[in-house]
Amino acid sequence: MKVAVIVFPGSNCDRDMYHAAGEIAGAEASLVWYTDTHLLDDVDGILIPGGFSYGDYLRSGSMASTSDIMNKIREHAEKGKPVLGICNGFQILTESGLLPGALMRNKHLSFMCHQEELVVEDNENIFTTLYEKNEVVRFPIAHGEGNYFCDDETLLELKDNNQIVFTYKNNPNGSVSDIAGIRNKAGNVLGMMPHPERAVEALLGSDDGLRLFQSLIANWRSSNAVNA
Amino acid sequence: MKKVQVYITLKQGVLDPQGKAIQTSLHSLDYPEVEDVRVGKYIELQVEEGPDLEKRVTQMCEQLLANPVIEDYRIELEGAR
């Protein structure tokens, strides 16, 4: 499986994502600078890393969401190919409309950087099949604007379609319904604030994030068994 | 050229933690009469005049300047200079 890690000016988790998906989980990963849109033509999955793209100008993720490469990513998502956005990547996905809602300033204003316990609410999508439903996992969080907000109607829709993939056990930032990560209706786009790519080696505190990348690769292999 | 002023505020019902913190600080400076604080953004544009000016600025707000999920906006057009 070929995956591209998109690098915007100001991305800073791109190397971690590359390391986790490529060197640890075994995908054929590449780092793609945001102007090299043609390099996405033959990739099977797109990973949008964390950081502070464009210095978080205007709103986190808003400037990146208007870049040309987002049109390519949108096409890719519409074809049903996987797109994963972590942290700033999640903010970019909501700003570009690929996922509903918005990420606002943390309830207590401060930037938070520590491990959080998450509950796997949905394991019937390509990103979480190797987890048990309701399993508790530990991922680091590192954000100042991770307070997920959506209106009541959208929240109801997210719940009805099982689009809430991860929730916080002890909500750190004020997100509605403790939401830490959501997917689109089709199930091929996942956005989350916590960092699975920083939890792929037990030596560094937790390897609970590894199965997310392994799920993605295993599901791609089984649906592309002929030419895998 | 026309000066266009765009005011962006959080929607009613959306929690504004920054506003709350400012309110608390104002209270501690002995301004107990402050009942609510909402923080917003002010954006000033110089735009070439055209028949669809207001419509196009509205589109700019919808597409980029504001996030309609959490924010409202108000546009003010000033006289030509």
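Quick summary incoming for the structure in this document. (Residues numbered from 1 in each chain as written. Chains lettered and ligands numbered in written order. Predicted model: local features only at pLDDT ≥ 70, side-chain atom pairs only at ≥ 80, totals over all residues. Heavy atoms only, no water.)

### Examining the overall build of chain B
Stated precisely, the cut-off is as follows: Helix and strand definitions follow DSSP, with helices as H or I runs of at least four residues and strands as E runs of at least two, each counted in order from the N terminus. As defined in this context, the radius of gyration uses C-alpha atoms, and a globule is described by 2.2 Å times the residue total to the power 0.38. We call two residues in contact whenever any of their non-hydrogen atoms come within 4.5 Å of each other. Here, Shrake-Rupley sampling with a 1.4 Å probe gives the accessible areas, and only protein chains in the shown set may cover a residue. Positive charge is attributed to Lys and Arg, negative charge to Asp and Glu, and no charge count is given to His or to the chain ends. Here the site of a charge means NZ on Lys, CZ on Arg, CG on Asp, or CD on Glu.
The helix and strand inventory of chain B stands at two helices and three strands. Secondary structure elements of chain B, listed N to C terminal, follow the sequence β-α-β-α-β. For chain B, the C-alpha radius of gyration of 16 Å lies well beyond 12 Å, the compact-globule estimate for 81 residues. Overall, the C-alpha framework of chain B stretches about 50 × 30 × 15 Å when taken along its three principal axes. Summarising the internal contacts of chain B: among those between residues at least 6 apart in sequence, 71% fall at separations of at least 24. Total accessible area on chain B stands at roughly 5,400 Å², and carbon and sulfur atoms take up 50% of it. Taking the 10 positively charged and 15 negatively charged side chains of chain B as two groups, their mean positions are separated by 5 Å.

### A look at the packing of aromatic side chains
The description of an aromatic ring pair uses the distance of the two centres, along with the angle that the planes make with each other. Residue and element names in this part refer to chain A. Heads up, the rule is: Classification of ring pairs rests on two measures: the distance between centres of Phe, Tyr or Trp rings, Trp counted by its six-membered ring, which must be within 6.5 Å, and the angle between planes, read as stacked under 30 degrees, edge-to-face over 60 and tilted in between. Whether a residue is buried, partly exposed or exposed follows from its accessible area with a 1.4 Å probe, protein chains only, as a fraction of its type maximum: under 20%, in between, or over 50%, in that order.
A full pass over the atoms with the stated rule returns eight aromatic pairs over all chains. With a centroid separation of 5.9 Å and an interplanar angle of 40 degrees, the aromatic rings of Phe8 and Tyr34 are classed as tilted. Here Phe8, found in the loop between strand S1 (2-7) and helix H1 (14-24), pairs with Tyr34, found in the loop between strand S2 (28-33) and strand S3 (45-48); they are 26 residues apart in sequence, far enough to count as distant. Assessed through its relative accessible area of 2%, Phe8 is described here as buried. Clustering of aromatic rings is evident, with ring pairs tying together Phe8, Trp33, Tyr34 and Tyr54.

### Remarks on the interface of chain A and chain B
Selection criterion: Buried area: the sum, over both parts, of the accessible surface (1.4 Å probe) that disappears when the two are put together. Throughout this description, the term salt bridge denotes a Lys or Arg side-chain nitrogen within 4 Å of a carboxyl oxygen of Asp or Glu. Two N or O atoms form a polar contact when they lie within 3.5 Å of each other; inside protein one atom must be a possible hydrogen donor and the other a possible acceptor, and for residues adjacent in sequence the pair counts only when both atoms belong to side chains.
Contacts between the two partners involve 13 residues from chain A, matched on the other side by 15 residues from chain B. In this assembly, chain A packs against chain B so that about 1,200 Å² is buried in total across both faces, 72% of it on carbon and sulfur atoms. When the buried surface of chain A facing chain B is broken down by residue, Leu58, Arg59 and Met104 of chain A rank first, second and third, together holding 42% of it. When the shortest N-O distance is used, the salt bridge between Glu71 of chain B and Arg59 of chain A registers 3.7 Å. Scanning the region where chain A abuts chain B turns up four residue pairs in polar contact (both at pLDDT 80 or more).

### Considerations on the sheet that holds S3 of chain A
Residue and element names in this part refer to chain A. Just so we agree on the cut-off: A pair of strands is labelled paired if DSSP reports no fewer than 2 bridges between them. Axes here refer to lines fitted to C-alpha atoms; in helices the fit is confined to the stretch in contact. Angles between the N-to-C directions go from 0 to 180 degrees.
The nine strands lie next to each other as S2-S1-S3-S4-S11-S10-S9-S6-S7, forming an open sheet whose pairing is mixed. In this open sheet, the two edge strands, each paired with only one partner strand, are S2 and strand S7 (136-143). Averaged over all neighbouring strand pairs, the angle between strand axes comes to 20 degrees, with direction disregarded. Pairing of strand S6 (residues 112-120) with S7, which is carried by eight bridges, proceeds in the antiparallel orientation. Opposite His114, over in S7, you have Ile141 as the bridge partner. Of the strands in this sheet, S3, strand S4 (83-86), strand S10 (179-183) and strand S11 (189-192) touch helix H3 (residues 88-95), which is tilted by about 120 degrees from S4.

### Quick look at the environment of Ala66 of chain B
With respect to the secondary-structure elements, Ala66 of chain B resides in the loop between helix H2 (53-65) and strand S3 (71-77). Along the chain, Ala66 of chain B and Gly13 of chain B lie 53 residues apart, while their C-alpha atoms are 17 Å from each other. Those residues in contact with Ala66 of chain B that sit more than four places away from it in its chain are Arg59 of chain A together with Ile8, Cys61, Glu71 and Tyr73 of chain B.

### Observations regarding the side chain of Glu135 of chain A
All names here are of chain A. Take Glu135: it is sitting in the loop between S6 and S7. Of the polar contacts made by the side chain of Glu135, one reaches the backbone nitrogen of Glu132; its length is 2.8 Å. In this structure Glu135 touches Leu118, Val119, Val120 and Arg211, once residues within four positions along its chain are discounted.

### Brief notes about the sheet that holds strand S2 (residues 41-47) of chain B
Residue and element names in this part refer to chain B. Across the sheet, three strands lie side by side as S2-S1-S3; this open sheet has antiparallel pairing. Taken across any chain shown, the strands that pair with only one partner, and hence form the sheet edges, are S2 and S3. Sheet twist, expressed as the mean angle between neighbouring strand axes with direction ignored, is 20 degrees. The pairing of strand S1 (residues 2-10) with S3 spans seven bridges and is antiparallel. Each bridged residue has a counterpart across the sheet, and for Gln5 the counterpart in S3 is Glu76. Across the sheet, H2 touches S1, S2 and S3, and the angle it forms with S3 is around 155 degrees.

### A closer look at the pattern of salt bridges
Side chains bearing opposite charge may pair, as long as their charged atoms lie close to each other. Going through the model one piece at a time under the given rule, you end up with 14 salt bridges over all chains. Among the ionic pairs, Glu76 of chain B bridges to Arg74 of chain B, the shortest N-O distance being 3.0 Å. On the accessibility criterion, Glu76 of chain B (30% relative accessible area) is partly exposed. Each of Arg59 and Glu95 of chain A together with Lys41 and Glu71 of chain B takes part in one network of salt bridges that share partners.

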